[in-house]
Every structure is written in structure tokens, then in C-alpha cells.
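Secondary and tertiary structure notes
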Amino acid sequence: MGCDGGTIPKRHELVKGPKKVEKVDRDAEIAARWRHCALSQEKLRRPVVACELGRLYNKDAVIEYLLDKSAERPNTEVASHIRGIKDVKELNLTDNPAWEGDRMNTKGDRYEDVHCAMFICPVVGLEMNGKHKFCFLLTCGCVFSERALKEVKTEICHKCGDPFQDGDLVFLNGTKEEVEKLRERMGERRVKAKAAKKSKKNKGAETISKPVAVEETTADSAKASQNGEADSHSDLKPTSLTC
């Protein structure tokens, strides 16, 4: 039954304690968020889009989700706020010249650096691997690092030159607190857009009704004019002809 031959068991062999929780490599977990689609969990590939909460997606995965939301897919809660393709912005990313991709490690016998990213900041050259904060603009979709914002303060995009405001900045893969702030801003932005759409619709209805009223007034004026002419002709008395 064991313990023969003078074997002395140790305490950890006799007393079963709680199982140790395996710790996930934090760096690898962060790097995965910058390399994989938040919806399909597949590796990011162009075209890459981002939502107003700063999550990264493959565009084809978002389109498939929107075409059939009833399909059973894992992790769909991350895209529940996406109502249509207009709720995501296609990103204007800058390729990393040092990125070799997966083609160099097909056999799996080479060390893969998880910190080497596919994309970099076009201004200061930082890699988009989760170690540094990155943001994109809702106006043009250009992506650059927070350091670029601090070092080169400007009101136009660092990459394409389009003007932008602070409200157009969305930080990618932010913390829970940052995501909640972005969610509030998203709600405010949608309320304003809805009000603007309603106001535009009301103005359009007024514009359509005004020409109709003008036509009716013109027709009434013409009719009154005709009636006036008829009355004036009826007032004229025929003159008697004398030989």
C-alpha cells in the first residue's frame, strides 16, 4: 500500500492543499489583444477596423456578424454596441518594416518575439504591441501613439493633415475606466446625431411644404385676377348704334 521499504512520505504528498492557479503571462495576453480580432479571435489582417470603444476587428468578421447576428458565435458581446458598418472606422495603419509575419516560423522551431508588432507609429516609430498607448481618429482613421500627441501638439492629423478635435480621439485597447469613458462619449455622440437627423428631416419637410403653399397662393391670385376681369367686362353697358 505504499510507504514500504522505509520510505517516509512528505507532508505535501499526504495533505492535499488548494490547487495553484496558473498565472497567465500578462505580456503575452496584452500582445494578443493587439494581434487578434476582438470578435473572431483570428489574427488581425487588413482591412482592420476599430469601434468607438477602441477594440480592434477584422472588417470581414464585423460584416459577417452584422449580416447574421442570430448565428451562434463566441465572444459576440464585445460587438453588441455595433449596429451597422458605420459604427466602425477602417484604420489607416503604418506597417512595421521589421515585421516578418508568420512565414518565417512555419516549422515552429524559431523564437517568436511577441513584442514585435505588425504596425508602428508613423511619427515616433513606436511599435503597436500594447507597451505604449495608441489612438485613432474618428474623422480619418489614422493611428498614432500617445507620445506623438504629446511631442507634436497640433490640431491636424500627423499622417494625413485633416483637422480634428479632442472628441475625435479614441484610445485603442484601453483600461476598464477608459472604456467606460468612451462608452459615455459614444452615447452622447449618438444622441446628438439622432437629434441632428431629426432636425434635418423636419427642415426637409418644411422646404417641401413651402413651394406647395406658394403654388396655391399663385393659383388663387390668378383666379382672383380672372374673376376681376370678368366683373369689369360685365359692368360695361352696350352702346346703342344711331343711324
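Residues numbered from 1 in each chain as written. Predicted model: local features only at pLDDT ≥ 70, side-chain atom pairs only at ≥ 80, totals over all residues. Heavy atoms only, no water.

Going by the annotation in an unreviewed UniProt entry, the name recorded for the protein chain is Replication termination factor 2, with Denticeps clupeoides given as the source organism. Regarding the protein chain, the UniProt comment filed under Sequence similarities (unreviewed entry) reads as follows: "Belongs to the rtf2 family." (UniProt positions renumbered as here; feature names shortened; annotations may be inferred.)

**A closer look at the sheet that holds strand β8 (residues 169-171)**
Read across the open sheet, the three strands follow the order β7-β6-β8; overall the sheet is antiparallel. Looking at which strands have only one partner, the edges of the open sheet turn out to be β7 (143-145) and β8. This sheet shows a mean twist of 35 degrees between the axes of neighbouring strands, independent of strand direction. Direction of pairing for strand β6 (residues 134-137) relative to β8: antiparallel, over a ladder of three bridges. (Pairing = 2+ DSSP bridges. Helix = DSSP H or I, 4+ residues; strand = E, 2+ residues; numbered from the N terminus. Axes fitted to C-alpha atoms, helices over the stretch in contact; angles between N-to-C directions.)

**Description of helix α2 (residues 26-35)**
Looking only at α2, the buried set comprises A31, W34 and R35. All buried residues of α2 project into a common sector of 95 degrees when viewed along the axis, lining one side. (Buried < 20%, exposed > 50% of the residue type's maximum accessible area, 1.4 Å probe, protein only. Arc of directions from axis to C-beta.)

**A closer look at helix α3 (residues 59-67)**
Residues of α3 that are buried: A61, V62 and Y65. Take α3 and look down its axis: the buried residues cluster within an arc of 100 degrees, on one side only. As for α3, its buried residues are in contact with β1 (48-51), β2 (56-58) and β3 (88-90). (Contact = heavy atoms within 4.5 Å.)

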